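Residue strings, one per chain:
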Amino acid sequence: MAVTMPLPSGVAFPSVFHRSQKGSQGKTATSGKRSIFAQEIAARRKAEANSTPMETSVPTQGQQEEAGKSSQGPQLITGEGLQSQDARREIQTIHEENLAKLHALGPEEILQEQQRLWAQLDPGLIAFLKSRRNTSGQAGVESMEEEKSGTVVHKTPEEEPVGLPPPNGYTWRQPELATSAPELPVTPHKEWLHMDTVELEKLQWTQDLPPLQRQKTQEGMQQARFSLQGELLAPDADLPTHLGLHHHGEEAERAGYSLQEIFHLARSQISQQRALALQVLARIISKAQAGEFGGRLTDSVLRLLLDAGFLFLLRFSLDDSVDSVTAAAVWALRALLVAPGDEELLDSTFSWYQGAAVFPLMPCQEEEEEEEDEETPVEKAKKKNPQETRPPPDLARRDVLKGLLATQLLPRLRYLLEVTYPSPTVVQDILAVLIRVARHSLESATKVLECPRLIDTLVREFLPSSWSPVGEGPISRLHGVPCAAAMKLLRVLASAGRNISARLMSGFDLRSRLCRFVSEAPQELAMPIQEAEQLNTESFRLWAVAAAYGQGGDLYRELYPVLIRALRALPQELSIRPHSQLAMHRISAFITLLTCLTQASSSSNTELCAPASNNPAESSLSPVSPSVTWVQVSGLRPLIEPILRQVLKELPQPDTWRALAPLPIACLLYLAAHYQAWSQQPKLCPGECLQDVERLSKELVLPLLCQPTFQGLWDSLRHCSPLCNPLSCAPAPESIPNLVSLGCGGDCPPLSLAGSSSAFAFLTSLLSLLNTLARIHKGLCGQLALVLAAPGLQDYLLHCGAPSRASRLTPFLAWALRHEYHLQYLVLTLAQRTAGLRTDPTPDAVLYHTVALTLVSRLLPGSEYLAHELLLGSVFQPEFLPERASGGPEAADFSDKLNLGSIRRPGSGRGALLAEACRDLPGIRGCYLAHCMLPCPALLHSQALYQGEHLRIPSLLLPVPKGPLLPADWPFLPLIHLYHQASGPVSKALPPSSLGTAIHALQWVLVLESWRPSSLQVVPPAARLARLMCVFLMDSDLFREAPIQRYITALLARLCQPRALSLLKLDCPLPGLASFPDLYTSFLEHFEAVSFGDSLFGTLVLLPLQRRYSVTLRLSLFGEHVGALRALGLPLAQLPVSLENYTAPPEDNLELLKLYFQALVMGTLCPHWCPVLYAVAVAHVNSFIFSQDPKSSDVAIAASKWMLQKTWLLANECLKQHLLYYKLPNVAVTEGFELYSQLPPLRHNRLQDVTSGLLKDGVPGS
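Just so you know, these numbers come straight off a predicted model, no measurement behind them.

What counts, and at which threshold
- Residues numbered from 1 in each chain as written.
- Predicted model: local features only at pLDDT ≥ 70, side-chain atom pairs only at ≥ 80, totals over all residues.
- Heavy atoms only, no water.
- Helix = DSSP H or I, 4+ residues; strand = E, 2+ residues; numbered from the N terminus.
- Contact = heavy atoms within 4.5 Å.
- Areas by Shrake-Rupley, 256 points an atom, 1.4 Å probe, with all protein chains shown as cover.
- Buried < 20%, exposed > 50% of the residue type's maximum accessible area, 1.4 Å probe, protein only.
- Expected span 1.5 Å × (residues − 1).
- Axes fitted to C-alpha atoms, helices over the stretch in contact; angles between N-to-C directions.
- Parallel < 35°, antiparallel > 145°, perpendicular 65-115°, else oblique.
- Left-handed = near helix turned anticlockwise from the far one by under 90°.
- Nonpolar A, V, L, I, M, F, W, Y, C, P; charged D, E, K, R; others polar.
- pLDDT = per-residue confidence, 0-100.
- Phe/Tyr/Trp six-rings, centres within 6.5 Å; stacked < 30°, edge-to-face > 60°.
- Lys NZ or Arg CZ within 6 Å of the ring centre and 35° of its normal.
- Core = buried A, V, L, I, M, F, W, Y, C linked by side-chain atoms within 4.5 Å.
- Polar contact = N/O pair within 3.5 Å; in protein donor to acceptor, adjacent residues only side chain to side chain.

(A) Representation of the overall build of the protein. Per the secondary structure count, the protein includes 58 helices and four strands. In the protein, once contacts between residues fewer than 6 apart in sequence are set aside, the share between residues at least 24 apart is 75%. With an accessible surface of roughly 62,400 Å², the protein has 55% of that area assigned to carbon and sulfur atoms.

Written out as structure tokens, the structure is:
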């Protein structure tokens, strides 16, 4: 069959014709099933073949002019709507008649008719007619000029021709363009489809961009725009259009895309646009979390995205059938969930002291708990039904990861890994997301483990025992090749719980994988060296986590020769320079594994009953004996100790020391675990152990403590401390409450706890070793305690013990504070061991005690064991209270004698009370251990972690850090517990031990108020007063006990000192108290009922009535509890504060003044019943009735005159004289105030003016 070329044509595509042109033609026999378009093309080709070519000639200029005149026809009349056959002739006839009329008129008449038509016609119609005339005229002239010159004229868009004439029977409707319409770069053609009516607003996008306006509003008030690389563009950025950042949305002159426009693009039907939008969003999130936007935006990008539904947009995109869209969605999901620096931080600190135990990255549920408290029991019962769960959007508002997991995220990720075989980058992103999910909580980690075929796919595809060799450089496929991220995921899952670790080790054949990756050096694995190092490191860490639960001991016995060979090769490897950071992490993970195995050999682990756990799945495991014995691990120390010696020689070299930083930390912790386990062996030879401890101390520890470079490490503590340098733990720029992250955008600052200049981790591990050695060999305590005398440590402890305002607890701050508190606790433990063996007073005992008091109120969840040990030891350590034996009680008595304003009661000397409290320290300790008791499961969990009792450890995940374990006012906890017990919904009688509990609590508070006032500065004086008031509300007789009276009197005297009194603010919110006026009202009711005129009770009633406090308190007494005035018989001499505090400034509340006057006149307030308030009321009423302030209101002036008149007419001459002749307060006088012998002239004139009418009429006025 011959192949012919297509026939040439003058246009790129055939001219468009209307289908109605074929309607009148009959269907040919040869048409068949051919389309209309094919039939038309065939008909045109046939007509062209039958026609004969015609000769063309170019007309002359005269011919063109004649033709132009004869061809002129009607421009306005188109004949549309005429049905007759001679429609064209009718149109021409009308046109000729119009021309004849115009020729008959003169020029002036034509202008007059034109003006009349313009006045009658619509201006829009006139503009339309002019534009139509100009368009047709210009087109005709230009066509003639083009034909005359024989050249093609390049026309501007405004000069394009109208187009070809319409087919027979049709007329084109001209575009309706107004003269004021904007110029378009392309004039619409009549033959274009649907362009018979032009809509200008839809064609404005074809115009050139308007000039960029320099708006004067702030950037935050404008819509932020981003480039395709995720960069925030300035509002006035004038970028060229070829960058592809301009589009036809709002503010078309501004380059970039807003978040709303990117969201719109992410829902496009074109897969490339969807992928591009997701990639841009991923870049924006990454830059926002890195803090690149700074303060240029007024709101959080992440918060805006999540509020707009970005989370579920990603979830929908994961279900896309296009691989590029799925890959972009996974990338964006990783950018959203995984903070880049979090995993690096947690990995680099895995070998620290208690570094494997971390807080879960889940938000606190305080808001949710508050909402649940407000619900009815029926609603709570409905929510407990497992079939009625919250929808994913509601879950995501509180917790992003919970909302994601509710959308079947895990099965979808498993499908992508198992079925679609994505690229290596997508695989790494998926593994990073799964790691973040596993770090969320035990519940989330369990969901990852139980997702069908997910762990099987990971182990089979990304942790194979055999694989084809992989060279350096990028690879095209990650399936079938070992991946370090997959091993890390298993390690994070195992850290979530003992049960998960056991299921992983036994159910997925991880033992063979660990043997495969551990038995060979990274250089021998057939894969890139960097990936091999990370895989080897994660294998050691996974094994260490399993060993922390007492698992994996049989694997140690199998690989014992391999581990010994690796240990012997370490000195040679460390001699090679430069040191690789990955290699150092691998070696430290190896030694951490040996540390966990050594702890597992301790004999104390065999005395177990059951593992401590709140989770039924975790507690189902029965305890087993340790699979590693002391004999199997005791030979590791001679191989590790030389490594530590070799590393410590590099201490004077800062750069080398920083490169080797993880290694000495792991070695010191291993030595501490080794000697701890050795000392607990049942067949211990004490002499051999003590001799080896002395050898280590003499050869290694003491020389290290004497090095000048080592002394400089203590100096860095204060600069790297989160407590002393809060800016080092500033919250992340994009931190939102429902998506928790540590907020590490990259490397930590050098001057931070985890920075390169920090020595916290090394010094903490060293202190752990020193405490172990001091516990085993008490004779070395004095030598080892030399470390406590370092000036840098002393300076650091001074700053830590100083009271400071608590910072908002962020996830990174909680993580950093936990490690800082480890160092402080170990310092206090060593100081306590040393103090117990000294005969002379302990140096810096006050400093250590202050730090202990501060630390016990700062410890976070997970450190319950440390808080318990501090209460057992350092907090109530007699050696840490040197004042008891160095004249402290006598000094307190002398101070009280100098303080003229203190309360003096017989037998209430503060010195005697303090001496008694020091003798009762054991009882005080027992009281606080009972009332500061922490939850038992949490305490057992924490004890197992810190004591290395591996079979008791349920999980390496710590509780969520909602706040400190103990409240800031923990010294008042026993009193608060007794108050709640007595005033709860179901009132109970106080137990017989309540008196001793209250006495011990008051004793300890008095000790702190007298000798450690800085430890109570975090508790406002008003809160302390409220706690003392609770003692009177507990019972009707408890406050009458003599010891209670003495200690409260001493404490009240401390609160009434001028400095403390100036800080006593009752109007501000108080911690643990809903409203002080409500408490005071209850206090007054109790006073009326049970006080029987008790003077100490009355003192506490009077103290809040000072003039500078709220008038509500005074109104409560004189309005609702006026009967209590008869029992307020406190003498003026026993008032703990100055009487001027009640009388100045003058009272301005008219209602209270009327109550004062009423109580005085009716005899409710008498000087012998209530001398203090009688003097106060007389002072204020006297000031009011003689006030002549011109700014006073008419009501106040009238009330003042009325009171003065009533006073003048009083029958009680004594009260009348007091109200009229009051001068000033004076407690030395019997009445409590002085009187004028004669009224001053101003007051006398005032009295005459007001009472003159009464005297003139001779009758009392109304």
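Text resumes after the structure shown.
(B) Spotlight on the side chain of E538. Locating E538 in the fold gives a position in helix α23 (residues 529-548). The exposure class of E538 is buried, given its relative accessible area of 5%. Excluding anything up to four places from it in sequence, E538 contacts D347, A484, M487, K488 and R491.

(C) Representation of helix α48 (residues 1042-1055) in the model. With 14 residues, α48 ought to run about 20 Å at 1.5 Å a step, and its terminal C-alpha atoms sit 20 Å apart, in line with that. For α48, a buried count of eleven out of 14 residues is recorded, marking the element as mostly surrounded by other parts of the structure. Taken residue by residue, α48 has I1044, Q1045, Y1047, I1048, T1049, A1050, L1051, L1052, A1053, R1054 and L1055 as its buried positions. Residues of α48 that are buried in the fold lie against α42 (910-919), α46 (994-1011), α47 (1021-1034), α49 (1058-1062) and α51 (1095-1102).

(D) How the structure looks around the packing of helix α31 (residues 662-679) against helix α32 (residues 686-705). Put simply, α31 and α32 touch, their axes get as near as 11 Å, and they point 160° apart. The orientation of α31 relative to α32 falls into the category roughly antiparallel. Relative to α32, the crossing made by α31 is left-handed. Contacts between α31 and α32 pair L671, Y675 and W678 from the former with E688, C689, D692, V693, R695, L696 and L700 from the latter. Looking at the contact of α31 with α32 residue by residue, the class counts come to seven nonpolar, no polar and three charged.

(E) Summary view of the confidence of the model for the protein. Mean pLDDT over the protein stands at 84; residues scoring 70 or higher make up 83%. In this model, residues 367-378 is a region of pLDDT below 50 whose contacts with residues beyond four sequence positions or in other chains number nine contacts.

(F) Region of the structure containing the packing of aromatic side chains. Considering all chains together, one arrives at 28 aromatic pairs under this definition. A centroid spacing of 6.1 Å and a plane angle of 80° characterise the contact between F1032 and F1083, whose relative ring orientation is edge-to-face. Of this pair, F1032 sits in helix α47 while F1083 sits in helix α50 (residues 1076-1090), and the two are 51 residues apart along the sequence. For F1032, a relative accessible area of 0% translates into the label buried. Among the aromatic residues, those joined into a cluster by ring pairs are F1032, F1039, F1083, F1087 and F1097. The ring of W1208 has K1216 lying over it, and the distance from NZ or CZ to the ring centre is 4.3 Å.

(G) Main features of unusual backbone geometry. Backbone torsion omega between R577 and P578 reads -10°, so that peptide bond is classified as cis. Among the structural elements, P578 can be located in the loop between α25 (560-574) and α26 (581-600). In this model, A1144 is joined to P1145 through a cis peptide bond whose omega is -5°. Among the structural elements, P1145 can be located in the loop between α53 (1140-1143) and α54 (1150-1161). Backbone geometry places D844, a non-glycine residue, at a positive phi of 60°. By secondary structure assignment, the location of D844 is in the loop between α38 (811-835) and α39 (845-856). On the accessibility criterion, D844 (37% relative accessible area) is partly exposed.

(H) Quick look at the nonpolar core. The biggest cluster of nonpolar side chains holds 354 residues, and the ones touching the most others in it are F710, W970 and W1004. Here this core takes 15 residues from α38, the largest share from any one element. The contacts of W970, once residues within four sequence positions are left out, are L853, V856, S857, L871, V875, F876, Y928, C932 and W1004.

(I) Region of the structure containing the packing of helix α19 (residues 454-462) against helix α20 (residues 484-495). Between α19 and α20, the shortest axis-to-axis distance is 10 Å and the interhelical angle comes to 145°. As for the relative orientation of α19 and α20, their crossing is left-handed in sense. Judged by residue contacts, I455, L458, V459 and F462 of α19 engage A486, L489, L490 and L493 from α20. Here the residues of the contact of α19 with α20 are counted per class, giving eight nonpolar, no polar and no charged.

(J) How the structure looks around the environment of E520. With respect to the helices, strands and loops of the structure, E520 is situated in the loop between α22 (510-518) and α23. C-alpha of E520 to C-alpha of A566: the two residues are 46 residues apart in sequence and 9.3 Å apart in space. Here E520 is in contact with L525 and N536, once residues within four sequence places are set aside. Of the polar contacts made by the side chain of E520, one reaches the side chain of R516; its length is 2.6 Å.

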